[in-house]
Amino acid sequence: MLTAHVEKSYYTVLGAKQIRQMRRLITEAAQNSFELARRLYAAGNISDLELSNEQGQYEQARINQARAESALLDAREHLTGLMGLWGGRIHWTVPDRLPDIPDEEITLDHLETFAVQNRLDLAAKRKEMEALAQALGITVDWRWIGDVEVGISTERDTDGQWVTGPLLAIELPIFNQRQADIARIEAEFRQGWKRLAARAVDIRSEIRLLRNRLIINRNIVRHHEQVVLPLRERIVELTLKKYNYMLVGAFDLLTAKQLEYDSYQNYIEAARDYWVVRTELQRAVGGRLTTRSVNANAVRTKA
């Protein structure tokens, strides 16, 4: 459980670091646009409204950058606390970007099977059922034998002498054949199996839910990579060509660039969410999410 929390926090830090860098670029673009607006306003080429709009976008960009800085600091402190670091060891570093998402995902059937076989909570419940089964078997096998008392007895003989010897007393279960104990253990055994089955169903449901989230986040990341980001880059490229031919103004070019940066931030957030959900799924299945390990486990089960 702690490992999953640390891994999720790690990906959160990576995403926050990338977003912080992206927000810096957005702020720089907004600042350049505002500086240009001020020069044009001083020359009398734009109105007060246009200048105020540019300043408003710049100030909002500064606020968003401050929030990104704060989010990164919070994420780092959370991860530092989870790792138990203090003093000079808090100045750790991480890569500059999130890892690429894998090309393929693991099939749902294998994930469910892997989780049911590897979850420690299910293993603990199975051990409880084995202990109950042993207790029930012992109680049934020994129900015809009552309490046994072993000790030493001292009695006076008929001639007046004291005689000391071993004592063995066996109760004959004529009326009490431990029916109550057997019924109690059988009830606990049935309830235990129901709880075990219900827990397995809950785990399978949790696996399906997390994998659905994983696939959705994966599709969002791929859509950004294949559609949104290339489209934004194309828009900036076309706007730049029009700007070179003086068909659009500098503000249009800067706005297109800011929108491109916003799309990159959305892409980073989607990639971060993917890795966080993948970590949750890895915790839920009770093992590392690798296609080889999960598929091999499923093959052993079928065999």
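Here is what the cut-offs are and how they apply
- Residues numbered from 1 in each chain as written.
- Predicted model: local features only at pLDDT ≥ 70, side-chain atom pairs only at ≥ 80, totals over all residues.
- Heavy atoms only, no water.
- Helix = DSSP H or I, 4+ residues; strand = E, 2+ residues; numbered from the N terminus.
- Buried < 20%, exposed > 50% of the residue type's maximum accessible area, 1.4 Å probe, protein only.
- Contact = heavy atoms within 4.5 Å.
- Areas by Shrake-Rupley, 256 points an atom, 1.4 Å probe, with all protein chains shown as cover.
- Phe/Tyr/Trp six-rings, centres within 6.5 Å; stacked < 30°, edge-to-face > 60°.
- Lys NZ or Arg CZ within 6 Å of the ring centre and 35° of its normal.
- 1 Å grid on protein atoms, 1.4 Å probe; cavity = no way out; pocket = protein on both sides within 12 Å on 5 of 7 lines; lining within 4 Å.
- Points joined across faces, edges and corners; volume = space filled by probe spheres on them.
- Nonpolar A, V, L, I, M, F, W, Y, C, P; charged D, E, K, R; others polar.
- Polar contact = N/O pair within 3.5 Å; in protein donor to acceptor, adjacent residues only side chain to side chain.
- Expected span 1.5 Å × (residues − 1).
- Core = buried A, V, L, I, M, F, W, Y, C linked by side-chain atoms within 4.5 Å.
- pLDDT = per-residue confidence, 0-100.

**Q** Help me out: how do you make sense of the overall build of the protein chain in this one?
**A** Scanning the protein chain for helices and strands turns up 7 helices and 2 strands. Reading the protein chain from its N end, one meets helices and strands in the order α-α-α-α-β-β-α-α-α. In the protein chain, which comprises 303 residues, the share counted as buried stands at 33%. Considering only contacts within the protein chain whose residues lie at least 6 apart along the sequence, 78% involve residues at least 24 apart. Carbon and sulfur atoms form 55% of the exposed surface of the protein chain, whose accessible area is close to 19200 Å².

**Q** Just to check I follow, could you spell out the packing of aromatic side chains for this structure?
**A** Throughout the structure, instances matching the rule amount to 4 aromatic pairs. On the basis of an interplanar angle of 15° and a centroid distance of 5.7 Å, the ring pair of phenylalanine 34 and tyrosine 58 is categorised as stacked. Of this pair, phenylalanine 34 sits in helix α1 (residues 2-42) while tyrosine 58 sits in helix α2 (residues 48-83), and the two are 24 residues apart along the sequence. Note on accessibility: phenylalanine 34 and tyrosine 58 belong to one class, buried. An aromatic cluster is defined as three or more aromatic residues linked by ring pairs; in this entry it consists of Tyr10, Tyr11, Tyr274 and Trp275. Above the ring of tryptophan 92, the side-chain terminus of arginine 76 is found at 3.8 Å from the ring centroid.

**Q** What is the right way to look at empty space enclosed by the protein in this model?
**A** Which parts of space are left empty comes out when a probe the size of a water molecule is rolled across the atoms. For the coordinates displayed, the defined rule picks out 2 cavities of 30 Å³ or more. Here the largest cavity defines a volume of roughly 70 Å³. By residue class, the composition of the lining of the largest cavity is 6 nonpolar, 1 polar and 3 charged.

**Q** I would appreciate a short explanation of the side chain of arginine 218 in the present structure.
**A** Its location among the elements puts arginine 218 in helix α5 (residues 179-244). Classification of arginine 218 as buried rests on a relative accessible area of 11%. At 2.4 Å, the side chain of arginine 218 forms a polar contact with the backbone oxygen of aspartate 103. Non-local contacts of arginine 218, meaning those with residues more than four positions away in its chain, are made with Ile101, Pro102, Asp103, Glu104, Glu105 and Tyr274.

**Q** Sorry, what's going on with α2 here?
**A** A turn of α-helix holds 3.6 residues, and therefore any two residues three or four places apart point the same way. Here α2 spans 53 Å end to end across 36 residues, near enough to the 52 Å set by a 1.5 Å rise per residue. Looking at α2, one finds that the buried residues are Leu51, Glu54, Tyr58, Ala61, Gln65, Ala68, Leu72, Ala75, Leu79 and Thr80. For α2, the secondary structure elements touched by its buried residues are α1 and α6 (250-285). Once α2 ends, the next one or two residues include glycine 84, with phi positive near 70°.

**Q** I keep staring at the nonpolar core and nothing clicks. Help me out?
**A** The nonpolar side chains of soluble globular proteins are, as a tendency, buried together. Counting 47 residues, the largest nonpolar core has Val13, Leu98, Ile207, Leu281 and Val285 as its most contacted members. Elements with a minimum of two residues in this core: α1, α2, α3 (108-118), α5 and α6. With 14 residues, α6 is the largest single contributor of residues to this core.

**Q** Can you walk me through the side chain of threonine 279 in this structure?
**A** Looking at the secondary structure, you find threonine 279 in helix α6. Under the relative-accessibility criterion, threonine 279 is labelled buried at 3%. Polar contacts involving the side chain of threonine 279 include one to the main-chain carbonyl oxygen of tryptophan 275, which spans 2.8 Å. In contact with threonine 279, not counting residues within four places along its chain, are Ala4, Glu7, Lys8 and Tyr11.

**Q** Sorry if this is basic, but what is going on with the confidence of the model for the protein chain here?
**A** Close reading of the predicted structure is inappropriate where its pLDDT is low. Residues of the protein chain with pLDDT of at least 70 account for 71%, and the chain-wide mean is 78. Mean pLDDT across the elements of the protein chain ranges from a minimum in helix α7 (residues 291-302), with 43, to a maximum in α2, with 92. In this model residues 292-303 is a low-confidence stretch, pLDDT under 50, and it forms 15 contacts with partners more than four residues away in sequence or in other chains.

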